[in-house]
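Structural overview
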Amino acid sequence: METKRKALVTGASSGIGRETAIRLAREGFQVIAAARRKERLDELAKQNPNIIPRSVDLSDAQARDHFSKELLNLADPVTVLVNNAGFSLRGAFEDVSISGVKSLFEVNLFALIQITQACLPGMRRLRKGTIVNLSSIVGKFPFPTSGSYSATKHAVEAISDALRMEVRPFGIRVVAIRPGMIGTEFNETANRLTGDLLSRTDPDYKPVYQAYGAGMGKLFANVSIPGPELIAELIVEVVLSESPKTVYAAGPFVKELLGERLRLDDEGFYEFMMEKTGLKGLKV
Ligand SMILES: NC(=O)c1ccc[n+]([C@@H]2O[C@H](COP(=O)([O-])OP(=O)(O)OC[C@H]3O[C@@H](n4cnc5c(N)ncnc54)[C@H](OP(=O)(O)O)[C@@H]3O)[C@@H](O)[C@H]2O)c1
């Protein structure tokens, strides 16, 4: 009997990861769905017999070690890895704690590195595999007040670019996905973890936050925000493709902002973003 191709999707309890796990399961993959919220994963597995729930806190180094060992010892290795778990924290540079920045890097970058390292030996053995890393449009440029999150995604881009060249000789493909704004729990989680910035920031920063808030209000006016299906379908297309591209981008602001970042020089893009974010000409 032919064994099912095995996939691993991290951050599968909601949003993009959940939709991706469902679609890969439908395509016949046996999908390990990993995240912290066990009830969500169990529910997902109940509805999809091809899904194996795996509750794991990817910010916890010990839990990651344990999970990595499991992955390394699988008889049928993971050949499709979707590194999707991630979150954001907001705040001006001076308002973000170093522990907050570390927690972002633990999940968005270090977990991605460690889980990928645990899947690569199996992929090399089989001389095939697809690794899909969730970056963001902010993997190529930052918004003000989310420099740390953006830094994690810049790192994901760099890691993906280097790894892609290293493992191509073994038939392993590495693809980065850059979503624009997508309607998931992402924003709600970022707001909850960030808390009320205005009540704790130095008075100097209040006008900065206010101008930025107004700038963002304008930028987001009349933008219709797609659901996670948009990105999940793209990921499945990448996985099933004979020859996927290195990078894909989809969603709002891909053309308007990422497109400008790729077109303008550094000075030009700085001026463009100051204007777009409502900070141009602000003096405090
Ligand atoms: N939504 C957007 O606008 C957008 C745009 C660009 C890029 N992205 C990227 O897309 C990816 C998916 O985000 P989403 O929009 O689908 O957000 P989401 O709905 O909030 O999903 C995030 C997932 O990550 C998991 N996760 C977070 N911390 C974890 C931890 N410590 N251990 C294990 N799992 C953890 C969450 O599960 P638990 O809470 O159950 O652990 C959840 O399943 C992220 O990498 C994000 O940076 C999103």
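Residues numbered from 1 in each chain as written. Predicted model: local features only at pLDDT ≥ 70, side-chain atom pairs only at ≥ 80, totals over all residues. Heavy atoms only, no water.

1. Description of empty space enclosed by the protein
Evaluated as defined, the whole model comprises 2 cavities of 30 Å³ or more. Space inside the largest cavity adds up to approximately 40 Å³. Forming the boundary of the largest cavity are Thr10, Leu58, Asn83, Asn84, Ala85, Val107, Ala111, Leu112 and Ile115. Broken down by element, the lining of the largest cavity gets its largest block of residues, 4 residues, from helix H4 (residues 98-126). Of the residues contributing to the lining of the largest cavity, the split by class is 6 nonpolar, 3 polar and no charged. Here the second largest cavity is characterised by a volume of approximately 30 Å³. Lining the second largest cavity are Leu71, Leu72, Leu74, Pro77, Ala118, Cys119, Pro121, Gly122 and Arg125. The set of elements that each furnish at least two residues to the lining of the second largest cavity consists of helix H3 (61-72) and H4. Examining the composition of the lining of the second largest cavity, we find that 5 residues originate from one element, H4, more than from any other. Among the residues making up the lining of the second largest cavity, the classes are represented as 7 nonpolar, 1 polar and 1 charged. (1 Å grid on protein atoms, 1.4 Å probe; cavity = no way out; pocket = protein on both sides within 12 Å on 5 of 7 lines; lining within 4 Å. Points joined across faces, edges and corners; volume = space filled by probe spheres on them. Helix = DSSP H or I, 4+ residues; strand = E, 2+ residues; numbered from the N terminus. Nonpolar A, V, L, I, M, F, W, Y, C, P; charged D, E, K, R; others polar.)

2. Thoughts on unusual backbone geometry
Notably, Arg127 is not glycine yet its phi reads approximately 55 degrees, a positive angle. Considering the arrangement of structural elements, one finds Arg127 in the loop between H4 and strand S5 (129-134). Positive phi outside glycine occurs at Phe253, with the angle close to 75 degrees.

3. Focus on the site of the ligand
In the vicinity of the ligand, 29 residues are found, and the nearest of them are Ser13, Ser14, Arg36, Tyr149 and Thr184. One nitrogen or oxygen atom from the side chain of Arg37 is found 2.8 Å from an oxygen atom belonging to the ligand. Between Ile182 and the ligand, the recorded distance is 2.8 Å, taken from a backbone N or O atom to an oxygen atom. Compared with its free state, where it exposes 870 Å², the ligand has 95% of that area covered by protein. Looking at the shell around the ligand, its residues break down into 13 nonpolar, 11 polar and 5 charged. (Near = heavy atom within 4 Å. Polar contact = N/O pair within 3.5 Å; in protein donor to acceptor, adjacent residues only side chain to side chain. Areas by Shrake-Rupley, 256 points an atom, 1.4 Å probe, with all protein chains shown as cover.)

4. Some points on the pairing of strand S4 (residues 78-83)
With 6 of 6 residues buried, S4 is to be regarded as a mostly interior element. Across 4 bridges, strand S1 (residues 6-10) lies against S4 in parallel orientation. Of the residues in S4, the one forming a bridge with Lys6 is Val78. The pairing of S4 with S5 spans 4 bridges and is classified as parallel. Within S5, the residue paired with Val80 across the bridge is Thr130. Taken together, S4, H4 and S5 form a β-α-β motif whose crossover is right-handed. (Buried < 20%, exposed > 50% of the residue type's maximum accessible area, 1.4 Å probe, protein only. Pairing = 2+ DSSP bridges. Right-handed = clockwise from strand over helix to strand, strands pointing away.)

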